[in-house]
Structure formats: structure tokens, C-alpha cells
Amino acid sequence: MHAESNLALGDPRLDQDHAELHRLSQHLAQTRNRQEVVAALDALARHCAAHFAAEDEDLRRMQGNDDAVCHLDEHAAVLQSLAEVKGWVIENDDVVGMANLVQSLCAELDRWLPEHVHYMDSAVAAYRSKNRFGGAPIAFAPRQPA
């Protein structure tokens, strides 16, 4: 199954943002030149910052969501990790170290994102859907080949 299909929650904005986050992470994983790595990290950080800011607004409005603080903390940790990796890449000339660090970051994002989407962002999708339509969103899973 394609990784992006594991990210669907039925909220068009969240689904589009998650697919873009995944795409940017994959692009970063394939980047080798230091300047391109820095540009890819910047693009990923900008996207994450904008995406997380929109979610964070909803999280602050959601009443009785005990996971909101953890959710906000996860967003901050991802942004901090991106900034730290960028700082290391800028300050060091170790091409192999850079490649290993970037691959490690991308592998962790690939591991983290589906879990975060389904355990944390699903509450945001439900909140948005309830406000718009009075009920939870419906996410259709793609059919698996027989």
C-alpha cells in the first residue's frame, strides 16, 4: 500500500497537508547536495509550521481534549528536530554524516507521521467535521488488489 493512503482522515485540508508533508519528506530523503538539503529542510519546515499552526488553532479551541497538550508538544518537537538537523547540516562539512542524519530524520518522520495522523489528527478531523456537518468525517480506504 502506498504510504500516502495511510494518511487519509476524510478532511480534505488535513489529507492534502499530510500528503504534502509525506512528499516533502520523500524529496528530502533523496537529496544529496548540501544546498539542496538545506532548501528541502526549509520547504519541509515551512510546510510543517503552516500545517501545525492551523491544527494548533483547532486544538486550542477543542474543549475536553486531554491529548491536546501532547499533540501540541509533538508539533513543537518536529519543528525543533528540523531546525536542529538544518543547523547541523549548515555547520558541518561531513557529507556522509549529513546523509546519515537526513536519512535518519526522514525514516523517523515516515514512522511518526501515520501514527500521529491516526492517533492525534483524527480528533482534529472529527472536530472540524462536526463543526461543519454535525458528524465525523468519512475516510474511504483504497481498495486492495485481489
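Residues numbered from 1 in each chain as written. Predicted model: local features only at pLDDT ≥ 70, side-chain atom pairs only at ≥ 80, totals over all residues. Heavy atoms only, no water.

1. Examining the overall build of the chain
Then comes step 1: Scanning the chain for helices and strands turns up 4 helices and 0 strands.
Then comes step 2: Counting from the amino terminus, helix and strand elements in the chain follow one another as α-α-α-α.
Then comes step 3: Here the chain, with 146 residues, has 36% of them falling under the buried criterion.
Then comes step 4: Residue pairs at least 24 apart in sequence account for 71% of intrachain contacts in the chain once pairs closer than 6 positions are excluded.
Then comes step 5: Working note: accessible area of the chain is about 8,500 Å², and carbon and sulfur atoms make up 53% of it. (Helix = DSSP H or I, 4+ residues; strand = E, 2+ residues; numbered from the N terminus. Buried < 20%, exposed > 50% of the residue type's maximum accessible area, 1.4 Å probe, protein only. Contact = heavy atoms within 4.5 Å. Areas by Shrake-Rupley, 256 points an atom, 1.4 Å probe, with all protein chains shown as cover.)

2. Remarks on the environment of Ser-104
Then comes step 1: Tracing the backbone through its elements, the reader meets Ser-104 in helix 4 (residues 95-133).
Then comes step 2: Along the chain, Ser-104 and Ala-29 lie 75 residues apart, while their C-alpha atoms are 9.0 Å from each other.

3. Considering the layout of surface pockets
Then comes step 1: Considered as a void within the structure, the largest pocket measures approximately 170 Å³ in volume.
Then comes step 2: Every residue lining the largest pocket is listed: Glu-74, Ala-77, Val-78, Ser-81, Val-85, Leu-101, Ser-104, Leu-105, Glu-108, Leu-109, Arg-111 and Trp-112.
Then comes step 3: Among the secondary structure elements, those contributing two or more residues to the lining of the largest pocket are helix 3 (68-91) and helix 4.
Then comes step 4: No other element matches the 7 residues that helix 4 contributes to the lining of the largest pocket.
Then comes step 5: When its residues are assigned to classes, the lining of the largest pocket shows 7 nonpolar, 2 polar and 3 charged. (1 Å grid on protein atoms, 1.4 Å probe; cavity = no way out; pocket = protein on both sides within 12 Å on 5 of 7 lines; lining within 4 Å. Points joined across faces, edges and corners; volume = space filled by probe spheres on them. Nonpolar A, V, L, I, M, F, W, Y, C, P; charged D, E, K, R; others polar.)

4. Observations regarding the environment of Met-98
Then comes step 1: Take Met-98: it is sitting in helix 4.
Then comes step 2: Note: C-alpha distance between Met-98 and Arg-34 (64 residues apart in sequence) is 8.1 Å.
Then comes step 3: Once you skip the residues sitting within four places of it in the chain, Met-98 turns out to touch Arg-32, Asn-33, Arg-34, Val-37, Trp-88 and Val-89.

5. Thoughts on the nonpolar core
Then comes step 1: One finds Leu-28, Leu-41 and Leu-44 to be the most contacted residues of the largest nonpolar core, which totals 31 residues.
Then comes step 2: For this core, the secondary structure elements donating two or more residues are helix 1 (12-29), helix 2 (34-61), helix 3 and helix 4.
Then comes step 3: If you tally residues by element for this core, the top one is helix 4, at 10 residues.
Then comes step 4: Apart from residues no more than four positions distant in its own chain, Leu-44 is found in contact with Leu-21, Leu-24, Ser-25, Leu-28, Leu-82 and Leu-109. (Core = buried A, V, L, I, M, F, W, Y, C linked by side-chain atoms within 4.5 Å.)

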